There are 2 protein chains.
Amino acid sequence: MKKNIGRPKAFDEQEALKIAMHYFWEHGYDKSSLSGLLEAMNIKKSSFYQTFKSKEHIFRLSLELYAKMSYEYMQGLKKEMGAKGVLLHIVYETISELRETGKVKGCLLANSSSECFSNHPHFNELISYKFKTFRKLFKELIEEAQNEGEIKNTLPSSTLGSIYQSLINGLVQMIQLGASKEELNAVIKHIEELLT
Amino acid sequence: MKKNIGRPKAFDEQEALKIAMHYFWEHGYDKSSLSGLLEAMNIKKSSFYQTFKSKEHIFRLSLELYAKMSYEYMQGLKKEMGAKGVLLHIVYETISELRETGKVKGCLLANSSSECFSNHPHFNELISYKFKTFRKLFKELIEEAQNEGEIKNTLPSSTLGSIYQSLINGLVQMIQLGASKEELNAVIKHIEELLT
DNA sequence: GATATTTAGTACCAATTGGTACAGAACTAA
DNA sequence: TTAGTTCTGTACCAATTGGTACTAAATATC
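Residues numbered from 1 in each chain as written. Chains lettered and ligands numbered in written order. Predicted model: local features only at pLDDT ≥ 70, side-chain atom pairs only at ≥ 80, totals over all residues. Heavy atoms only, no water.

**Quick look at the overall build of chain A**
Part 1: Counting its regular elements, chain A contains eight helices and zero strands.
Part 2: Along the chain direction, N to C, the helices and strands of chain A fall in the order α-α-α-α-α-α-α-α.
Part 3: Each principal axis of the C-alpha distribution contributes one length, and for chain A these read about 60 × 40 × 30 Å.
Part 4: For chain A, the residues scored as buried account for 49% of the 196 residues in total.
Part 5: Expressed as a percentage of contacts within chain A between residues at least 6 apart in sequence, the contacts between residues at least 24 apart total 65%.
Part 6: Surface accessibility of chain A: about 10,300 Å² in total, with carbon and sulfur atoms responsible for 51%. (Helix = DSSP H or I, 4+ residues; strand = E, 2+ residues; numbered from the N terminus. Buried < 20%, exposed > 50% of the residue type's maximum accessible area, 1.4 Å probe, protein only. Contact = heavy atoms within 4.5 Å. Areas by Shrake-Rupley, 256 points an atom, 1.4 Å probe, with all protein chains shown as cover.)

**Considering the protein's contact with DNA strand C**
Part 1: If you check the shell around DNA strand C, you find 23 residues, and the closest are Asn4, Leu34 and Lys45 of chain A together with Lys44 and Ser46 of chain B.
Part 2: If you look at DNA strand C and keep only atoms within 4 Å of the protein, 64% of those are sugar or phosphate atoms.
Part 3: Contact between DNA strand C and serine 32 of chain A: a phosphate oxygen at 3.5 Å from a main-chain N or O atom of the residue.
Part 4: In this structure, a phosphate oxygen belonging to DNA strand C sits 2.9 Å away from a side-chain N or O atom of lysine 55 of chain A.
Part 5: Those elements that provide at least two residues to the surface near DNA strand C are helix H2 (34–41) and helix H3 (45–52) of chain A together with helix H3 (45–52) of chain B.
Part 6: Residue contributions to the surface near DNA strand C peak at three residues, all from H3 of chain B.
Part 7: Grouping the amino acids of the surface near DNA strand C by side-chain chemistry returns eight nonpolar, nine polar and six charged. (Near = heavy atom within 4 Å. Polar contact = N/O pair within 3.5 Å; in protein donor to acceptor, adjacent residues only side chain to side chain. Nonpolar A, V, L, I, M, F, W, Y, C, P; charged D, E, K, R; others polar.)

**Section: the relation of the copies chain B and chain A**
Part 1: Structural alignment of chain B on chain A gives an RMSD of 0.0 Å, achieved by rotating through 180° and translating 0.0 Å along the axis. On this basis, the relationship between the two copies can be described by a two-fold rotation axis. In terms of proximity to the rotation axis, the leading residue of chain B is glycine 170 of chain B, whose C-alpha is 2.1 Å off the axis.
Part 2: Comparing interface residues between copies, 100% of those in chain B also lie at the interface in chain A; the contact surface is shared. (Least-squares fit on C-alpha atoms with pLDDT ≥ 70 in both.)

**Digging into the protein's contact with DNA strand D**
Part 1: Taken together, 23 residues lie around DNA strand D, and Ala10, Lys44, Ser46 and Gln50 of chain A together with Lys45 of chain B are the ones closest in.
Part 2: For DNA strand D, the backbone portion of the atoms within 4 Å of the protein, that is sugar and phosphate, comes to 64%.
Part 3: In the model, a sugar or linking oxygen of DNA strand D is placed 3.3 Å from a nitrogen or oxygen of the arginine 7 of chain A main chain.
Part 4: When contributions to the surface near DNA strand D are tallied by element, the ones reaching two or more residues are H3 of chain A together with helix H2 (34–41) and H3 of chain B.
Part 5: Counting residues per element, the surface near DNA strand D draws most heavily on H3 of chain A, at three residues.
Part 6: For the surface near DNA strand D, the class distribution of residues is eight nonpolar, nine polar and six charged.

**Description of the interface of chain B and chain A**
How large an interface is tends to be reported as the accessible area lost when its parts come together.
Part 1: Chain B puts 38 residues into the contact, and the matching count from chain A is 38 residues.
Part 2: Summing both partners gives a buried area of about 3,400 Å² for chain B against chain A, and 59% of it is carried by carbon and sulfur.
Part 3: Summed over the three residues of chain B that lose the most area to chain A, namely Phe117, Gln176 and Leu177 of chain B, the buried surface amounts to 20% of that side.
Part 4: At the surface where chain B touches chain A, the tally comes to two salt bridges.
Part 5: The partner of arginine 135 of chain B in a salt bridge is glutamate 183 of chain A, with the nearest N and O atoms 3.0 Å apart.
Part 6: Where chain B meets chain A, there are 15 residue pairs in polar contact (both at pLDDT 80 or more).
Part 7: The set of elements that each furnish at least two residues to the side of chain B that touches chain A consists of helix H1 (13–27), helix H5 (108–119), helix H6 (124–147), helix H7 (157–176) and helix H8 (181–194) of chain B. (Buried area = accessible area lost by both parts, 1.4 Å probe. Salt bridge = Lys/Arg side-chain N within 4 Å of Asp/Glu carboxyl O.)

So, in structure tokens, the structure goes:
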């Protein structure tokens, strides 16, 4: 349905969306001002509204893009390091990020959930819907690792998945709350043992 | 140093601060507009600035009040239900809140940490400092419960405390992310077993 | 009662917010 | 070349933000 008629766009739509997503990821929804987004995306207001309709709309697109990219990223990791490897890698990656940058971005969906839960409840449905993908993926990874003997823990994969998620989310929070290296290591060790 | 000279205040300073704290707790820092705060506190702008100096200042006061009130609340609970009882009560209370109100406020310090971590880093120091109180309290409660045989788990109390905290924070996040009752129960059961 | 002191209420401020209107530029198809 | 279409840049908008200035009201001390 694409017509080559009319003045062509001077920017890549997908690329711009990707930039917006990272901007939202770093600043959150409310603190991502339109002017900030425009500057980062390097486009002008009229182009923005023509292409992305509104701030709310591009945020929704960003959430979807994040979910899709993360999913593909983890699937790629799985081929590289196996199911259990992915689950552990996510933990270690978080710590690396902390060591290298001094902070941690966390999960865009989890962050948005905290921010929007009471202030922008109209986003809740999309956020929790998109997050279901992750829950399912974690469960499948654990199941696969159990079947292949990487994980001996016989708890149901769904149970283990929930605990894993809770610990991962909690870990990011603890980092932001200024927990010490020892405190973080305690949690990491607990995760490792859970997945043994 | 209090002089009874001049026009007396028409509102209770402590009471107003308490209201502000609850307002911040429910809306977060950025989404707590001055007008919203004033309406809730039922005072006028000039009184606000005269008494509380600025929005930033009253937020700091709110964080401190929250830490103090929570600490006293938990100390009170301990007398009523013992050390282990407190730790479990916090979990059950969260679930009750979810059942009764359909949502969950979480911990003001943890919420503020998420919100302010990258957007208002000048709050980080105060937040993580105040949170240390909780970390210490959790550790002490666990230690006490271990000494009295309420908890058989022989992991160091500091380790157990970190894991507990991570799980509690993660639990709140999972609620906001729309986790199912079963998924939450999996986490709760895990906490209960950890404290056995 | 006069005066010093403090509080309360209102009007105002510049800056920023997300969003729209419109003129002109750049392209395709005829 | 011209008409039709789409994109870009700028100017503008009302609403809201946190914060200040100033006047009026209420009290204690003298």
